Amino acid sequence: MKTLKLVALIETVSFAILLTCSVLKRTTSFNAVPVMGPIHGVLFIGLVYLVLTHRSDLGWSPVRTAIVCTIGSPFAHFFVRSAT
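What you see is a predicted model, and the numbers here were worked out from it, not measured in a lab.

> Can you help me understand the environment of D57 in this one?
In this structure, D57 sits in helix α2 (residues 33-58). Through-space distance from the C-alpha of D57 to that of M1 is 8.8 Å; in sequence the pair is 56 residues apart.

> Just checking my understanding: could you explain the nonpolar core for this structure?
Across soluble globular proteins, you tend to see nonpolar side chains buried next to one another. Ranked by size, the top nonpolar core spans 13 residues in total, and within it L4, L47, V51, W60, V68 and V80 carry the most contacts. Secondary structure elements with two or more residues in this core: α1 (2-27), α2, α3 (62-69) and α4 (76-83). No other element matches the 5 residues that α2 contributes to this core. Ignoring any residue separated from it by four or fewer positions in sequence, one finds V80 in contact with L4, K5, A8 and W60.

> Help me understand the packing of α1 against α2, please; the structure alone is not making it clear to me.
The angle between the axes and the distance between the axes are what describe a pair of packed helices. Where α1 contacts α2, the axes come no closer than 8 Å and their chain directions differ by 150 degrees. Taken together, the axes of α1 and α2 lie roughly antiparallel to each other. Between α1 and α2 the crossing geometry is left-handed.

> Is there a simple way to explain the side chain of H54 in this structure?
Relative to the helices and strands, H54 is located in helix α2. Assessed through its relative accessible area of 16%, H54 is described here as buried. With sequence-adjacent residues up to four places away left out, H54 is seen in contact with M1 and L4.

About the criteria used
- Residues numbered from 1 in each chain as written.
- Predicted model: local features only at pLDDT ≥ 70, side-chain atom pairs only at ≥ 80, totals over all residues.
- Heavy atoms only, no water.
- Helix = DSSP H or I, 4+ residues; strand = E, 2+ residues; numbered from the N terminus.
- Core = buried A, V, L, I, M, F, W, Y, C linked by side-chain atoms within 4.5 Å.
- Buried < 20%, exposed > 50% of the residue type's maximum accessible area, 1.4 Å probe, protein only.
- Contact = heavy atoms within 4.5 Å.
- Axes fitted to C-alpha atoms, helices over the stretch in contact; angles between N-to-C directions.
- Parallel < 35°, antiparallel > 145°, perpendicular 65-115°, else oblique.
- Left-handed = near helix turned anticlockwise from the far one by under 90°.

Quick look at the structure:
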């Protein structure tokens, strides 16, 4: 469960960084999206794997699990924290 919390936190932070990089790419010459995109992608896949692995431990319904695994990326950390 500690791993899930840690990955959820890092994934949420990586999403915010990727969003910032996307804005900077369009407004300046700074382009870190090719670096941050894959990092966020790997973290997201890890989050989905851990959520599916620990879903029964968390007592989550299929709907809550689907929300975290699809649209919950920016708030995954808060979903995981509130469940434990």
